Amino acid sequence: MLTRRKFLATAACTVAAIRVQVCGQSKVRVVLSIPKDATGPHMPIDFVGLSYEVQQVADSSFFSAQNSGLIREFRALSSTGVLRLGGNTSEFAYWKATPDSPEPERPQVREVTGEPKAQYYAVTPEAVRTLAEFLQATDWKCIYGIGMGTNTPARAADEAAFVAQTLGDRLQYFQIGNEADLFDRHLRDPKTWSAKTYLQEWLTLARAVASRVSAAKFGMPDVASKVSWLTEIARQWPSIQAPPRVATLTHHYYFGGPAKDPDVNISNLLKPPTMQKVQNTANIASVAASKMGARVRMTEGNTCYRGGKPGVSDVFAAALWSADYSLLLASNDYSGVNLHGGTGKSVANSVGGTLPGDALLQAKGGTPEQVAAHPHPFYTPIGTFGSNYVLEPVAYGLKFAGSFSGGALLKTDFSIKLQDTGVNATAYGAKLPGGHTSVIILNKDAAADLEVELNFGRDTSGVVQTETLHAPALDSREAHITTSTKTDTLKQGKCSVTVPSATGLRVTLS
């Protein structure tokens, strides 16, 4: 178990020497000395990602080159992102290679609260072709999910062969199975299901795919919460003869849930112990990945499982959370983050047919119009309102963190000493691809402002540009990233900035 100090040392990415002076009850002054060399992990250029249900692909008009509104928001989020397709509904998809292909036999499954009902649907060549056109239009790549729970090796191989040929270099790797650690709830015998039996089934499917796609790469095991499975798989991996090529170990993460849980609130979402739990998971996942010569990716997650919680998942607090969460994982050498979303219908189908957040709003007397004003699902990074698509607050946090993509992170301990003062804030820094130094300070504190002096060294000169992640309040249904029209020049290698409470600030020296 990490101590609080060791956790924050790992999580932080700014400053070697600091001096703190309390300036009244609502302000804290901090001096940050920025290291010249970036010795932390490289943050991939395609770190930013979104996750959608495979069922979303069945609507060939959604991921389509003609869906200009969705393309616009994907590109606004990132010019080089990764779309992950998977989710609970992937376990009930089947490959329909031709219009005459028969629907396969339907295995018996159990109906469980929070899991999808056994509603089977077809994925067709047309849907994959339009997906390829969408990826081309957005300049994004794809992690393609193939079902495991009700699939067969032959069908999996047929689908993978067509997908690989059609997506080409837009395909990063295949993911076989979604949240297999929960299969014992509805898809497998709980008496026998384990990481070991999962691995045996996975190998059968993956080898069938590799027999048709010689260059196939895979991510696995995509667990919901049992990161111990990564440890077990890494332990067994050396004994596997001629294993398929695993490029990435994958897992999911939701802060809490479901929506009715009173502990899912803004205060708990933003408090430091929440990120310590994230760090604990990252420690386990990173060790397992290193043993397999792979990296780690968080391929599905968000603030609150089963569709999110109104007033938490769809407000500005979620932006500060997603920025901090993403940068913490980047500092742990993760290859990326995929926040889950999509349309209300697809996500509702994935969790049994309804979104618990709707019941909360209705219980509070919300009218149909008031309910419809929220994004569905509540946590989606891109909200769908009729034919309109809107970047939601949680996406702005991901975008803000994504400004470091392609850079090398700085390794320091600023966040330790900052939080020791009682301010709920974190900071990260990076050397960007062009050589510029950039620092992100996330002041998650609801009351205290930060007055920060950045010390780049007496022999350093240059111009400072700032960007602010902000909203009127933590519970505002909006978020903004604003670039200042003013610049500042370093004076003896230093500059000073103010980071108000509940605000993120990015400072870049060029």
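Note that the structure is predicted; figures quoted are calculated from it, not measured.

### Some details on the overall build of the chain
Looking only at helices and strands, the chain features 15 helices and 23 strands. Relative to its length of 510 residues, the chain is compact, with a C-alpha radius of gyration of 23 Å against a globular reference of 24 Å. For the chain, the spread of C-alpha atoms along the three principal axes comes to 75 × 55 × 45 Å. For the chain, contacts bridging at least 24 residues in sequence account for 80% of all contacts bridging at least 6. About 19,700 Å² of surface is accessible on the chain, with carbon and sulfur atoms providing 50% of the total. Across the chain, the mean location of the 49 positive side-chain charges is 6 Å away from that of the 44 negative side-chain charges.

### Brief notes about the side chain of Gln55
Here Gln55 is to be found in the loop between strand E3 (48-53) and helix H2 (68-77). Here Gln55 falls in the buried class, since its relative accessible area comes to 18%.

### Comments concerning the pattern of salt bridges
As enumerated under the stated definition, the model contains 18 salt bridges in all. In this structure, the salt-bridge partner of Asp314 is Arg477, at a minimum N-O distance of 3.9 Å. Of this pair, Asp314 sits in the loop between strand E11 (295-304) and helix H10 (316-331) while Arg477 is found in the loop between strand E19 (463-470) and strand E20 (480-483), placing the two residues 163 residues apart along the sequence. A relative accessible area of 33% means that Arg477 is categorised as partly exposed. Its salt-bridge partner being Arg506, residue Glu467 comes within 2.9 Å of it at the nearest N-O pair. Residue Glu467 is located in strand E19, and its partner Arg506 is located in strand E23 (residues 503-509); the two are separated by 39 residues in the primary sequence.

### A short note on the confidence of the model for the chain
Of all residues in the chain, 95% have pLDDT values of 70 or greater, and the mean over the chain is 93. In the predicted structure, residues 1-25 sits below a pLDDT of 50 and forms 81 contacts with residues beyond four places in sequence or in another chain.

### Observations regarding the sheet that holds E3
Spatially, the eight strands close up into a barrel ordered E3-E4-E7-E8-E9-E10-E11-E12, and their pairing is parallel. Taken pair by pair, the neighbouring strands of this sheet meet at an average axis angle of 25°, ignoring direction. Pairing of E11 with strand E12 (residues 334-340) involves four bridges; the strand directions are parallel. In the sheet register, Val296 faces E12, and the bridge partner there is Tyr334.

### Notes on the layout of surface pockets
In this approach the atoms are scanned with a rolling probe the size of a water molecule, which exposes any empty space left behind. Taken as a whole, the largest pocket encloses approximately 480 Å³ of empty space. Surrounding the largest pocket, 28 residues form its lining, Glu179, Leu182, Ala224, Tyr254 and Tyr305 being those nearest its centre. Broken down by secondary-structure element, the contributors of at least two residues to the lining of the largest pocket are strand E10 (245-256) and helix H9 (272-291). A per-element tally of the lining of the largest pocket places E10 first, with six residues. Residues belonging to the lining of the largest pocket are distributed by class as follows: 10 nonpolar, 11 polar and seven charged.

### Considering the nonpolar core
In this structure, Phe63, Tyr144, Phe174 and Trp202 are the most contacted members of the largest nonpolar core, which totals 121 residues. Among the elements that line this core, the one with the most residues is H10, at 12 residues. Once you skip the residues sitting within four places of it in the chain, Phe63 turns out to touch Tyr52, Gln56, Val57, Leu70, Phe74, Leu83, Leu85, Thr130, Leu131 and Phe134. Listed in part, the 25 residues of the second largest apolar core include Ile34, Val439, Val452 and Val464.

### Quick word on helix H4 (residues 153-167)
Over its 15 residues, H4 runs 21 Å from end to end, which matches the ideal 21 Å to within 8%, given 1.5 Å per residue. When we look at burial in H4, the residues that qualify are Arg155, Ala156, Ala157, Glu159, Ala160, Ala161, Phe162, Val163, Ala164 and Leu167. The elements touched by buried residues of H4 are strand E5 (93-95), strand E6 (121-123), helix H3 (125-138), strand E7 (141-146), strand E8 (171-176) and helix H6 (195-212).

### Section: the packing of aromatic side chains
Inspection of the entire model under this criterion finds 18 aromatic pairs. Aromatic pair Phe62 and Phe63: ring centres 4.9 Å apart, planes at 80°, arrangement edge-to-face. Owing to a relative accessible area of 5%, Phe62 belongs among the buried residues under this scheme. Note on Phe174 and Phe218: the rings are 6.3 Å apart at their centroids and 40° apart in plane angle, and the pair reads as tilted. Taken as a pair, Phe174 in strand E8 and Phe218 in strand E9 (residues 217-223) lie far apart in primary sequence, 44 residues in all. One exposure class covers both Phe174 and Phe218, and it is buried. Among the aromatic residues, those joined into a cluster by ring pairs are Tyr52, Phe62, Phe63, Phe74, Phe134, Trp140 and Tyr389. It is Arg188 that lies over the ring of Trp193; its NZ or CZ is 5.5 Å from the centre.

### Some words on unusual backbone geometry
A cis amide bond links Met220 with the next residue in sequence, Pro221, at an omega value of 5°. Its location among the elements puts Pro221 in strand E9. A cis amide bond links Gly257 to the next residue, Pro258, at an omega of -5°. Summarising the element assignment, Pro258 is placed in the loop between E10 and helix H8 (266-270). Although it is not a glycine, Asp139 adopts a positive phi angle of roughly 65°. Structurally, Asp139 can be placed in the loop between H3 and E7. In this model, Asp333 sits at a positive phi of 70°, which is unusual for a non-glycine residue. Mapped onto the elements of the fold, Asp333 is located in the loop between H10 and E12.

Definitions and limits used
Residues take numbers from 1 onward in each chain, read along the sequence in its written order. Confidence filtering applies because this is a predicted model: local features only for residues at pLDDT of at least 70, side-chain atom pairs given and counted only at 80 or more, and all residues used for totals across whole chains, interfaces and linings. The basis for every side-chain value is the complete set of heavy atoms in the structure, and neither hydrogens nor water enter the calculation. Strands here are runs of E lasting at least two residues and helices are runs of H or I lasting at least four, both read from the DSSP assignment and numbered beginning at the N terminus. In this treatment the radius of gyration is a C-alpha quantity, and the globule benchmark scales as 2.2 Å times the residue count to the 0.38 power. Here, two residues are considered to be in contact whenever any of their heavy atoms come within 4.5 Å of each other. Each accessible area is a Shrake-Rupley estimate made with a 1.4 Å probe; only the visible protein chains count as cover when residues are assessed. A positive count includes Lys and Arg, and a negative count includes Asp and Glu. His and the chain ends are not counted in either. To locate a charge, the coordinates of NZ of Lys, CZ of Arg, CG of Asp or CD of Glu are taken. Here the term buried applies to any residue with accessible area under 20% of the maximum for its type, exposed to any over 50%, and partly exposed to those in between, with areas from a 1.4 Å probe on protein chains only. Here, a salt bridge means any side-chain nitrogen of Lys or Arg that lies within 4 Å of a carboxyl oxygen of Asp or Glu. Values of pLDDT, the confidence the predictor places in each residue, fall between 0 and 100. At least two DSSP bridges between two strands are required for those strands to pair. Helix axes are fitted to C-alpha atoms over the stretch in contact, other axes to C-alpha atoms as well, and angles between N-to-C directions run from 0 to 180 degrees. Buriedness for pockets is judged along seven lines, at least five of which must meet protein on both sides within 12 Å for an open set on the 1 Å grid over protein atoms alone, while cavities are sets there where a 1.4 Å probe fits but cannot get out, and lining residues have an atom within 4 Å of a point. Grid points are joined across faces, edges and corners, and a volume is the space filled by probe spheres set on the points. Lys, Arg, Asp and Glu make up the charged group, whereas Ala, Val, Leu, Ile, Met, Phe, Trp, Tyr, Cys and Pro make up the nonpolar group; the residues left over, Gly among them, are polar. We call a set of buried Ala, Val, Leu, Ile, Met, Phe, Trp, Tyr and Cys residues a nonpolar core when their side-chain atoms join them within 4.5 Å. Take the residue count of a helix, subtract one, and multiply by 1.5 Å to get its expected span. Paired rings are identified among Phe, Tyr and Trp, the last through its six-membered ring, by centres lying within 6.5 Å, and are further divided according to the angle between planes into stacked (under 30 degrees), edge-to-face (over 60) and tilted (the rest). Each ring is checked for a lysine NZ or an arginine CZ that lies within 6 Å of its centre and within 35 degrees of its normal; such an atom marks a charge sitting over the ring.

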